Amino acid sequence: MSTLKYRCMEKIRAIYYFPQYFQYGKEVFDCSSNTEYIELSYKDKSRDFILKGRADVNIVLDTNIFIYREDNAIPSNKLTELLRVCAELNIKTIIHPSSIEDLRRDKNEERKKIMLSKLSAYPILSDPPLADNDQEFIDTVGVANSHDTIDNNILYSVYRNAVDFLITEDKGIYRKARKIGLEDRVFDIEEAIKYLKKYFLNENVYQPLAIKVVHLYHLDLNDKIFNSLKQDYPGFELWWRKKSREGTKARVNILEDGSLGAILIWKVEREAIASQPPLPIKKRLKISTFKVTNSGFKIGELFLKMSVEYAMKNEIGEVYLTHFTVSNDELVRLIEDFGFYRVAKLGEEDVYLKNIIVTEFSCYTELSPVEISRKYYPSFYDGEDVKKFIVPILPKYHQKLFVEIAKQDSLFGADEFCVEGNTIKKAYLCHSQSKKMEAGDILLFYESRTAKGIRAIGIIENVYYRVQDIQEIIRLVGKRSVYKVKDIERIALKPTTVIIFRWHFYLPNFISYLYLVRNRILSGPPQSILEISHEKYELIKRGGGLDERFTVNQASVCR
């Protein structure tokens with residue numbers, strides 16, 4: 001093995017620079033760009049060049065993960081596994097100086113001595129940005145005491161991109177992260193292990209989760225997932241037995257040890273709700289039970305998607321649930337992001353309701369297209385003033401983003417299905433030269449090479465242009481990425497467009513390439529993102545059989 005060393009990064013970039021490796025003429029060299037020197041290694045005789053680069057990732061560890069381990073709140077094997085995975089992947093784990101400062105205040109001298117000794121093995125984040133200097137950040141996340149100040153400083157290092165991710169067992173920090181839009185970059189230990197193994201290891205460690213449809217009488221009421229439900233609802237066990245006798249079914253995620261990682265139960269109602277204020281008689285879908293303990297897979301978001309789709313297919317215009325709301329409620333934050341809002345009180349519980357069809361068309365002028373997408377999902381705004389784009393996408397990525405098409409015709413056609421890609425909010429990467437896309441614009445995904453047509457529709461939530469820094473791309477897509485890091489590294493060889501969008505619909509009728517050509521929507525296979533006129537979009541919408549009840553535009557206001 002021969003090794004060449006170049007001192008000047010800029011000189012190498014001027015030749016032909018790739019993240020982690022570069023090409024000089026026909027020779028491709030493996031680089032180690034996180035050091036002062038860049039090592040270029042190749043095999044002399046065969047010229048079989050080594051390409052094994054990986055994005056450099058920095059993770060700040062909240063010291064509470066070590067403290068909780070000492071208190072047996074976290075199984076020691078989980079933390080050990082996390083540290084092993086980080087070491088195996090050469091991911092840099094660091095400690096925020098505010099955490100050290102906080103530990104030095106510990107009045108338990110023995111524990112303090114032990115913890116400071118353990119943390120001495122980790123590097124300290126050098127000269128981190130301080131949250132106190134950013135009043136807008138402080139106003140958003142809040143500060144009530146000195147502990148909040150510590151948490152804010154740690155989170156601020158993520159906010160200002162001094163580090164890529166934060167691992168913590170502090171629910172308070174996670175609530176702050178949601179307020180500032182960083183929830184996809186903050187993990188608990190179990191989430192972090194799953195994420196790192198899935199997206200950074202070359203091996204496929206975790207298979208996609210399965211959701212199974214089972215009768216209640218097949219489930220063990222002593223499963224730990226029911227503990228809080230029994231505590232919050234004194235009559236829960238009687239209700240469960242009644243529903244079991246009625247043949248009620250649940251959607252569940254079953255873990256490897258046979259216990260439940262998530263459960264969803266719904267029922268269709270045609271009655272008034274005796275709340276304050278009362279809600280009139282109407283056909284509604286009630287989410288009776290909604291509980292997720294298996295974190296890291298967006299199962300809660302998937303459950304909402306399943307519930308909304310079931311309501312759509314059964315001519316149900318409203319979905320609701322009742323909930324004992326608490327301060328900084330994670331469930332409330334989730335459901336509000338997808339259009340649920342508090343409408344009434346039922347005893348001590350709050351009633352949260354979601355409309356899936358727009359009934360108040362004042363939103364046409366009062367809300368932006370993105371706000372309509374969020375509040376009335378799956379309904380969306382498609383007036384003439386939003387742009388429409390055909391997005392060509394390779395089959396392998398189409399299958400990851402839209403697994404229902406790849407795996408089954410419907411979410412409810414089988415007892416189990418693949419979860420990966422079943423979230424509502426998704427991320428897509430491409431090399432489009434167009435910079436015309438904006439939040440609220442419509443994406444029509446064209447599967448190239450195989451199916452050659454359009455089925456999926458999405459609405460842009462955010463778009464970022466000409467991004468080539470691997471860490472920045474990872475930060476932007478967060479937990480919603482269907483791309484492994486090696487895919488991101490390859491894509492980031494060129495300036496990359498990062499699109500964060502919400503999936504809304506699959507067209508009932510597949511729009512084939514032949515249809516697109518015959519109707520002069522396309523003149524040939526699309527090679528890059530292509531803007532089309534509103535008139536051509538209307539041809540796709542009509543040919544695809546999209547139900548007009550779920551679109552908001554000037555015509556719908558007049559209907």
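Relevant structure appears above.
Predicted model only: the values in this text are computed from it and were never measured.

S.K.: Tell me about unusual backbone geometry, and please be specific about residues and values.
M.R.: Here the residue pair Q276 and P277 is connected by a cis peptide bond, since its omega of -5° sits within 30 degrees of zero. Structurally, P277 is set in the loop between β12 (260–273) and β13 (279–292). Between Y377 and the following residue, P378, the backbone shows a cis peptide bond with an omega angle of 10°. When you line up the elements, P378 lands in the loop between α15 (369–376) and β17 (380–381).

S.K.: Lay out the pattern of salt bridges in plain terms, naming residues and giving numbers.
M.R.: Oppositely charged side chains may form a pair once their charged atoms are brought near each other. Across all of its chains, the model carries 32 salt bridges by this definition. For R111, the salt bridge identified is with D106, shortest N-O distance 2.9 Å. Residue class for D106 comes out buried when judged on its relative accessible area of 16%. R502 serves as the salt-bridge partner of E461, at 2.6 Å between the closest nitrogen and oxygen. Linking E461 in strand β21 (residues 453–467) with R502 in strand β22 (residues 496–512), this pair joins segments that are 41 residues apart in sequence. Classification of E461 by relative accessible area gives buried; the value is 11%. For R502, a relative accessible area of 2% puts it in the buried group. Counted as one network, the salt bridges with shared partners bring together D337, R374, K425, E461 and R502.

S.K.: How would you summarise empty space enclosed by the protein if you had to cite specific residues and measurements?
M.R.: Evaluated as defined, the whole model comprises two cavities of 30 Å³ or more. Taken as a whole, the second largest cavity encloses approximately 30 Å³ of empty space. If you trace the second largest cavity, you find it lined by I59, F165, I167, F187, A192, Y195 and L196. Among the elements of the structure, β8 (165–167) and α9 (189–200) are those that each provide at least two residues to the lining of the second largest cavity. Counting residues per element, the lining of the second largest cavity draws most heavily on α9, which supplies three residues. Of the residues that constitute the lining of the second largest cavity, the class distribution is seven nonpolar, no polar and no charged.

Criteria and cut-off values
- Residues numbered from 1 in each chain as written.
- Predicted model: local features only at pLDDT ≥ 70, side-chain atom pairs only at ≥ 80, totals over all residues.
- Heavy atoms only, no water.
- Helix = DSSP H or I, 4+ residues; strand = E, 2+ residues; numbered from the N terminus.
- Salt bridge = Lys/Arg side-chain N within 4 Å of Asp/Glu carboxyl O.
- Buried < 20%, exposed > 50% of the residue type's maximum accessible area, 1.4 Å probe, protein only.
- 1 Å grid on protein atoms, 1.4 Å probe; cavity = no way out; pocket = protein on both sides within 12 Å on 5 of 7 lines; lining within 4 Å.
- Points joined across faces, edges and corners; volume = space filled by probe spheres on them.
- Nonpolar A, V, L, I, M, F, W, Y, C, P; charged D, E, K, R; others polar.

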